[in-house]
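Here is how the chains run, residue by residue.
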Amino acid sequence: MDSDNTLSQLIGGNLVILLLAAFIILSVFLGVRIVPQSEKYVVERFGRLRAVLGPGINLIVPFLDRVAHKISILERQLPTASQDAITKDNVLVQVETSVFYRIIEPEKTVYRIRDVDAAIATTVAGIVRAEIGKMDLDEVQSNRAQLISTIKESVEDAVDAWGIEVTRAEILDVNLDQATRDAMLQQLNAERARRAQVTEAEGRKRAVELAADAQLYAAEQEAKARRITAEAEAYATEVVAKAIAENGIEAAQYQVALKQVEALTAVGQGAGKQTIVVPAHALEAFGDAFKLLKGRG
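Since we're looking at a predicted model, the values are computed, not measured.

A. A look at the overall build of the protein chain. Within the protein chain, the secondary structure is distributed over eight helices and nine strands. Out of the 297 residues belonging to the protein chain, those deemed buried represent 22%. Long-range pairs, those at least 24 residues apart, make up 65% of the contacts in the protein chain between residues at least 6 apart in sequence. Total accessible area on the protein chain is roughly 20700 Å²; 57% of this is exposed by carbon and sulfur atoms.

B. Spatial organisation of the packing of aromatic side chains. Per the stated rule, a full pass over the model turns up one aromatic pair. With a centroid separation of 5.7 Å and an interplanar angle of 5 degrees, the aromatic rings of phenylalanine 23 and phenylalanine 63 are classed as stacked. You can see phenylalanine 23 sitting in helix H1 (residues 2–31) and its partner phenylalanine 63 sitting in the loop between strand E4 (56–59) and strand E5 (65–72), a full 40 residues away along the chain. Residue placement shows arginine 168 over the ring face of phenylalanine 100; its charged tip is 4.2 Å from the ring centre.

C. Highlighting the sheet that holds E5. Pairing is antiparallel in the open sheet, where three strands are placed in the order E3-E2-E5. With one partner strand each, in any of the chains shown, strand E3 (48–53) and E5 form the two edges of the open sheet. Adjacent strand axes in the sheet meet at a mean angle of 30 degrees, parallel and antiparallel pairs treated alike. As defined by bridge partners, strand E2 (residues 39–45) adjoins E3 across five bridges and the pair is classed as antiparallel. Bridging across to E3, valine 43 finds its partner in alanine 51.

D. Structural detail: the packing of helix H3 (residues 116–132) against helix H5 (residues 144–159). Orientation of H3 relative to H5, taken along the N-to-C sense of each, is 135 degrees, at an axis distance of 10 Å. By the angle class used here, H3 and H5 are oblique. Pair H3 / H5 crosses with right-handed handedness. Judged by residue contacts, Ile120, Thr123, Val124, Ile127, Val128, Glu131 and Ile132 of H3 engage Leu147, Thr150, Ile151, Ser154, Val155, Ala158 and Val159 from H5. Tallied by class, residues from the contact of H3 with H5 come to ten nonpolar, three polar and one charged.

E. Geometry of the pattern of salt bridges. Enumeration over the complete set of coordinates arrives at 13 salt bridges. The salt bridge partner of aspartate 65 is arginine 45, with a shortest N-O separation of 2.5 Å. With aspartate 65 in strand E5 and arginine 45 in strand E2, this residue pair connects regions lying 20 residues apart in the sequence. For glutamate 170, the salt bridge goes to arginine 168, with nearest N and O atoms at 3.9 Å. With a relative accessible area of 30%, glutamate 170 lands in the partly exposed category. Taking relative accessible area as the criterion, arginine 168 reaches 39% and is therefore assigned partly exposed. Taken together, the shared-partner salt bridges in this structure form one network comprising Glu191, Arg194 and Arg195.

Thresholds applied
- Throughout, a residue's number is its position along its own chain's written sequence, starting from 1.
- This being a predicted model, a pLDDT of at least 70 is required before a residue's local features are given, and a value of 80 or more before pairs of side-chain atoms are given or counted; all residues contribute to the totals for chains, interfaces and linings.
- Just so you know, side-chain values use all the structure's heavy atoms and leave hydrogens and water out.
- Helical segments are the DSSP runs of H or I of at least four residues, strand segments are the runs of E of at least two, and each set is numbered from the N terminus.
- A simple rule labels every residue: compare its accessible area, found with a 1.4 Å probe on the protein chains alone, to the largest value its type can have, and call it buried under 20%, exposed over 50%, or partly exposed in between.
- Only heavy atoms matter for contacts: two residues are in contact if any of them lie within 4.5 Å across the pair.
- The Shrake-Rupley method, run with a 1.4 Å probe sphere, supplies the accessible areas, and residue values consider only the shown protein chains as cover.
- Side-chain rings of Phe, Tyr and Trp, where Trp is taken by its six-membered ring, are said to pair if the distance between their centres is within 6.5 Å; with planes under 30 degrees apart they count as stacked, over 60 as edge-to-face, and otherwise as tilted.
- The criterion is that NZ of a Lys, or CZ of an Arg, lies within 6 Å of the ring centre and within 35 degrees of the ring normal, and then a charge sits over that ring.
- Here a strand pair is declared whenever DSSP counts at least two bridges between the two strands.
- Between the N-to-C directions of two axes lies an angle of 0 to 180 degrees, each axis being a line fitted to C-alpha atoms and, for a helix, fitted only over the stretch in contact.
- Should an angle fall under 35 degrees it is called roughly parallel, over 145 degrees roughly antiparallel, and 65 to 115 degrees roughly perpendicular, with every other angle called oblique.
- A clockwise turn of the near helix away from the far one marks a right-handed crossing, whereas an anticlockwise turn of less than a right angle marks a left-handed crossing.
- In this classification, the charged set is Asp, Glu, Lys and Arg, the nonpolar set is Ala, Val, Leu, Ile, Met, Phe, Trp, Tyr, Cys and Pro, and all remaining amino acids, among them Gly, are polar.
- Salt bridge, as used here, is a side-chain nitrogen of Lys or Arg placed within 4 Å of a carboxyl oxygen of Asp or Glu.

Below, the structure written as structure tokens:
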């Protein structure tokens, strides 16, 4: 009986130690939380928010605190969404959008919104329709970067209360129905034809301007040549008049005789055989000219 009592006591004592050791191990297991770098843990105590655990080793109170939510803080991409919108000039367009976001405050996300992706997608669709409704079709096509920036800012303001940061918003494509495409193609062809006509008209206008400039330049040059000739003749006349004034009528006769000699000489130097008709008084002119030249000599 003594041995049985002793064995019972030993077993009872060891059991208590074993239970205590198991309790300590379980407490450590439940009280130590290692959070990965890409996640945050939301801790509750009796159903209420207790803390948000960041990456690394964290301690919580065993059996009182529990990790209720494990939230990834990596950047996420919403599935490409397509929604219809009507522009300011009443054109129906189909816009494909994509949004990138990440959770920065998990305590707001888990307690304020149930389906984050659906909520953001709905918000984006409403903002896209509202912003495109303020713009004409040409503005939507040409100012896509500005439209994306406006949509991103509006979505950021809308989801700020959910602890979400919108990192990027993209408009992947703006599609039109076939009728609108055909109308735009006709408009584009008409615009190209108009530009071609304008270019051709400007070319003809430029050609006329250049021709007029050329004629004006030719007229100016001809007038300049005439002015120079007239000045030369006036100078020659002035010299002859001065010579006559100084030397009397003999100077005039000398000039006339010299011109006659030069003219007959030029006729005689012509190519080929020709007959020269000399006026009756030509010999007298030659004689007078030689006398005058001799007198000059």
